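Residue-level listing of the chains:
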Amino acid sequence: QVRLVESGGGLVQPGGSLRLSCAVSGSIVSIYSMGWYRQAPGKERELVAVISGGGNTNVADSVEGRFTISRDYVKNTVDLQMDSLKPEDTAVYYCNAILSTIATRSRNNYWGQGTQVTVSS
């Protein structure tokens, strides 16, 4: 069974910073990518940033230059450093991993439960 456990959300003032962390555990064979998505009230879930097994990153235009994604390939964790936060960054942030397990041997999509980020004065 695969588990994605997120931490680090909370309330922050505009211009502030937060760091999200996600740890993946289970009978994992390979992790192809890890990343973060977010969903604001009344909106669809959207990509924030992803990082591939090779270290290539894809960052949404709306957060480019403010958010940084990083990954620890030994600990199977992915972090999202969020700086210069804006009220429009308020959303539930979900950790995502595309990986294969001993049981499936094929790529599957896994999600964390989500962590709330609120940017407000």
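Residues numbered from 1 in each chain as written. Predicted model: local features only at pLDDT ≥ 70, side-chain atom pairs only at ≥ 80, totals over all residues. Heavy atoms only, no water.

### Let's talk about the overall build of the protein chain
Here comes step 1: Within the protein chain, the secondary structure is distributed over zero helices and eleven strands.
Here comes step 2: Going from N to C terminus, the protein chain has its helices and strands arranged as β-β-β-β-β-β-β-β-β-β-β.
Here comes step 3: What you see for the protein chain is a C-alpha radius of gyration of 14 Å, in line with the 14 Å of a compact globule of 121 residues.
Here comes step 4: Oriented by its inertia axes, the alpha-carbon framework of the protein chain measures out at about 45 × 25 × 25 Å.
Here comes step 5: The proportion of buried residues among the 121 residues of the protein chain is 41%. (Helix = DSSP H or I, 4+ residues; strand = E, 2+ residues; numbered from the N terminus. Rg over C-alpha atoms; globule rule 2.2 N^0.38 Å. Buried < 20%, exposed > 50% of the residue type's maximum accessible area, 1.4 Å probe, protein only.)

### Looking at the nonpolar core
Here comes step 1: Trp36, Leu80, Met82 and Tyr93 are the most contacted members of the largest nonpolar core, which totals 31 residues.
Here comes step 2: The biggest single contributor to this core is strand S9 (residues 91-101), with five residues.
Here comes step 3: In this view, Tyr93 contacts Glu6, Leu20, Trp36, Tyr37, Arg38, Val48, Phe67, Leu80, Met82, Gly114, Thr115 and Val117; residues no more than four positions away in its chain are not counted. (Core = buried A, V, L, I, M, F, W, Y, C linked by side-chain atoms within 4.5 Å. Contact = heavy atoms within 4.5 Å.)

### Focus on the state of the cysteines
Here comes step 1: Summed over all chains, the structure comprises one disulfide.
Here comes step 2: Here Cys22 is linked by a disulfide to Cys95, with a sulfur-sulfur distance of 2.0 Å. Measuring the twist about the S-S bond at about -85 degrees, one finds the Cys22-Cys95 disulfide to be left-handed. Of the two residues, Cys22 is situated in strand S3 (residues 18-25) and Cys95 in strand S9; the sequence distance between them amounts to 73 residues. (Disulfide = S-S within 2.5 Å.)

### Observations concerning the side chain of Asn96
Here comes step 1: Here Asn96 is to be found in strand S9.
Here comes step 2: Residue Asn96 is classed as buried on the basis of its relative accessible area, which comes to 2%.
Here comes step 3: In terms of polar contacts, Asn96 uses its side chain to reach the side chain of Asn109, at 2.7 Å. (Polar contact = N/O pair within 3.5 Å; in protein donor to acceptor, adjacent residues only side chain to side chain.)

### Here's the deal with the environment of Gly53
Here comes step 1: Among the secondary structure elements, Gly53 is positioned in the loop between strand S5 (46-52) and strand S6 (57-59).
Here comes step 2: Placed 51 residues apart in sequence, Gly53 and Val2 show a C-alpha to C-alpha distance of 18 Å.
Here comes step 3: Once residues lying within four places of it in the same chain are set aside, the contact partners of Gly53 are Ile31, Tyr32, Arg71 and Tyr73.

### Focus: the pattern of salt bridges
Here comes step 1: In this structure the tally under the stated criterion is four salt bridges.
Here comes step 2: Linking Asp79 and Arg19 is a salt bridge whose minimum nitrogen-to-oxygen distance equals 3.2 Å. Remark: Arg19 occurs in strand S3 and Asp79 occurs in strand S8 (residues 77-82); sequence separation between them is 60 residues.
Here comes step 3: Classification of Asp79 by relative accessible area gives buried; the value is 16%.
Here comes step 4: Here Arg66 makes a salt bridge to Asp89, at a shortest N to O gap of 2.8 Å. Here the residue Arg66 occupies a position in the loop between S6 and strand S7 (67-72), and Asp89 occupies one in the loop between S8 and S9, the gap between them amounting to 23 residues. (Salt bridge = Lys/Arg side-chain N within 4 Å of Asp/Glu carboxyl O.)

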